[in-house]
Amino acid sequence: MKKDEPPLDFPDTLEGFEYAFNEKGQLRHIKTGEPFVFNYREDLHRWNQKRYEALGEIITKYVYELLEKDCNLKKISIPVDATESEPKSFIFMSEDALTNPQKLMVLIHGSGVVRAGQWARRLIINEDLDSGTQIPFIKRAMDEGYGVIVLNPNENYIEVEKPKIHVQSSSDSSDEPAEKRERKDKVSKETKKRRDFYEKYRNPQREREMMQLYIRENGSPEEHAIYVWDHFIAQSAAENVFFVAHSYGGLAFVELMIQREADVKNKVTAVALTDSVHNVWHQEAGKTIREWMRENCCNWVSSSEPLDTSVESMLPDCPRVSAGTDRHELTSWKSFPSIFKFFAEASEAKTSSLKPALTRRSHRIKHEELPEEKLCIKNL
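Source: prediction; values computed, not measured. In every chain, residue numbers begin from 1 and rise along the written sequence. At least 70 in pLDDT is required for a residue's local features to be given in this predicted model, at least 80 for side-chain atom pairs to be given and counted, and no such filter applies to totals for whole chains, interfaces and linings, which use all residues. As a convention, hydrogens and water are excluded, and side-chain values are obtained from all of the structure's heavy atoms.

Peer 1: Account for the overall build of the protein chain, with residues named and values stated.
Peer 2: Secondary structure elements follow DSSP: runs of H or I of four or more residues count as helices, runs of E of two or more count as strands, with numbering from the N terminus. Counting its secondary structure elements, the protein chain contains 13 helices and twelve strands. Look at the contacts in the protein chain between residues 6 or more apart in sequence, and 71% of them connect residues 24 or more apart. Each accessible area value is a Shrake-Rupley result obtained with a 1.4 Å probe; residue values ignore everything except the protein chains displayed when judging cover. For the protein chain, the exposed area adds up to about 20,400 Å²; of that, 48% sits on carbon and sulfur atoms. It only takes one pair of heavy atoms within 4.5 Å for two residues to be counted as in contact.

Peer 1: Give me empty space enclosed by the protein: which residues, what numbers.
Peer 2: A pocket, in this scheme, is an open set of points on a 1 Å grid over the protein atoms alone with protein on both sides within 12 Å along at least 5 of 7 lines, while a cavity is a set where a 1.4 Å probe fits but cannot get out; residues line either one if an atom lies within 4 Å of a point. Grid points are joined across faces, edges and corners, and a volume is the space filled by probe spheres set on the points. With the rule as written, the count across this model stands at one cavity of 30 Å³ or more. Of the pockets and cavities examined, the largest cavity occupies roughly 30 Å³. Around the largest cavity, the lining residues are Ile108, His109, Gly110, Ser111, Pro153, Asn154, Pro221, Tyr248, Gly249 and Ala252. Here the lining of the largest cavity gets three residues from one element, more than from any other, and that element is helix H8 (residues 248–259).

Peer 1: An account of the pairing of strand E11 (residues 297–301) is requested, with residue identities and associated values reported.
Peer 2: Burial status follows relative accessibility: with a 1.4 Å probe on protein chains alone, a residue under 20% of its type maximum counts as buried, one over 50% as exposed, and anything between as partly exposed. E11 sits mainly inside the fold: five of its five residues count as buried. In E11, alternate side chains face the same way, and those of Cys297, Asn299 and Val301 on one face and Cys298 and Trp300 on the other are all buried. Of the strand pairs in this sheet, strand E10 (residues 268–274) and E11 are connected by four bridges, and their pairing is parallel. Across the sheet, Val271 pairs through a bridge with Cys297, a residue of E11. At least two bridges found by DSSP between two strands are what make those strands a pair.

Peer 1: Just give me the short version of the sheet that holds strand E12 (residues 320–322), but keep the residues and values in it.
Peer 2: Ordered in space as E3-E4-E6-E5-E9-E10-E11-E12, the eight strands form an open sheet in which the pairing is mixed. The open sheet is flanked by strand E3 (74–78) and E12, the only strands paired with a single partner. Taken over all neighbouring pairs, the strand axes of this sheet differ in orientation by 20 degrees on average, direction set aside. In the sheet, strand E4 (residues 89–93) pairs with strand E6 (residues 146–150) via two bridges, with the strands oriented antiparallel. Across the sheet, residue Met93 finds its bridge partner in E6, namely Ile149. Contacts from helix H5 (residues 135–143) reach strand E5 (103–108), E6 and strand E9 (240–246), with the element oriented near 155 degrees to E6. Note on method: axes are straight lines fitted to C-alpha atoms, helices fitted across the in-contact stretch only, with angles between N-to-C directions ranging 0 to 180 degrees.

Peer 1: An account of the pattern of salt bridges is requested, with residue identities and associated values reported.
Peer 2: Opposite charge on two side chains makes pairing possible when the charged atoms of those side chains draw close. Salt bridge, as used here, is a side-chain nitrogen of Lys or Arg placed within 4 Å of a carboxyl oxygen of Asp or Glu. Counted under the stated rule, the structure contains 15 salt bridges. Residues Lys139 and Asp70 are paired through a salt bridge, measuring 2.9 Å at the closest nitrogen-oxygen approach. Linking Lys139 in helix H5 with Asp70 in the loop between helix H2 (45–69) and E3, this pair joins segments that are 69 residues apart in sequence. We note a salt bridge from Arg327 to Glu127, for which the minimum N-O separation is 3.7 Å. Within this pair, whereas Arg327 is found in the loop between E12 and helix H11 (331–334), its partner Glu127 is found in the loop between helix H3 (121–126) and helix H4 (129–132), the two being separated by 200 residues in sequence. When its relative accessible area of 31% is taken as the criterion, Arg327 is described as partly exposed. A residue is classified by how much of its surface remains accessible, and Glu127, at 34% relative accessible area, is partly exposed.

Structural data, given as structure tokens:
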């Protein structure tokens, strides 16, 4: 028999959950000091999952607060010309994001429940803020003189409750005899009773039916990346723009390049991908884009090999190296120091009028002698 499910009524603050982040950025129970426990109630997986999701929403708001208060970023509403009534999203930017004449770093997370400032919710809850958020990247970037823009590619719509539609019953017809209407009403009530009983068994706490209202020009991660490029990144003063894109964020960047190839080539100095799921064949990236990616991108992929070890690829795009971990969600954090070194070398190479990050010498080696994927940075 199905166990009775408690109400899906959860706290809306960390304190309400009796959790807090300690000085190491780890989520711990206020009373016991223990890490988060998913199976709070045995044999109630759905309830436990809903509890986890409720905590995740609080984490998202908490990270937003850290971006503004701890990192001093500004929350910018989009679309920039949105009316009062239409759905809106937002991104985060440093004060000098559009005016910094030298360097701008753009951060793009992957797909799923993560929002601006996060790499992986699972890491934030079960590991710590450093590994699960973009905050270490933001702080180091600002310390090194970069402007910063944090994209929010999964915030594509708002949810509102579906309006209830009342359909007039045919039994209300005044043309039918009273006795016939009564019989129909009785059958209808019995049917509804059985349906409600089944629904209660299948879904003890039926949730409200919601509908999605998409955000103009930001209805997908790909649209969002193009919108932020057109309205912010392309308008920035920075001579050198750098991207860090994780997982689906890499796909969104490749789509941006396909749509804005000349502009991206003119403004972007280097791109660090972390376990990117892009595919130059499926996305139909042209030869000139693939060549640019081989010269200016590097993909730190999940691998058991030591950090920065070359990893072979079947695709003719950017070089791939190990992120030093076989866990997909950890690839950004584990490759953190290498990415900043990659950017520094790319910037220096551009200043010296050399090819960014990848040396000309390495590209003089014939492709049949050394596969393209092995042409990644050797000095990281």
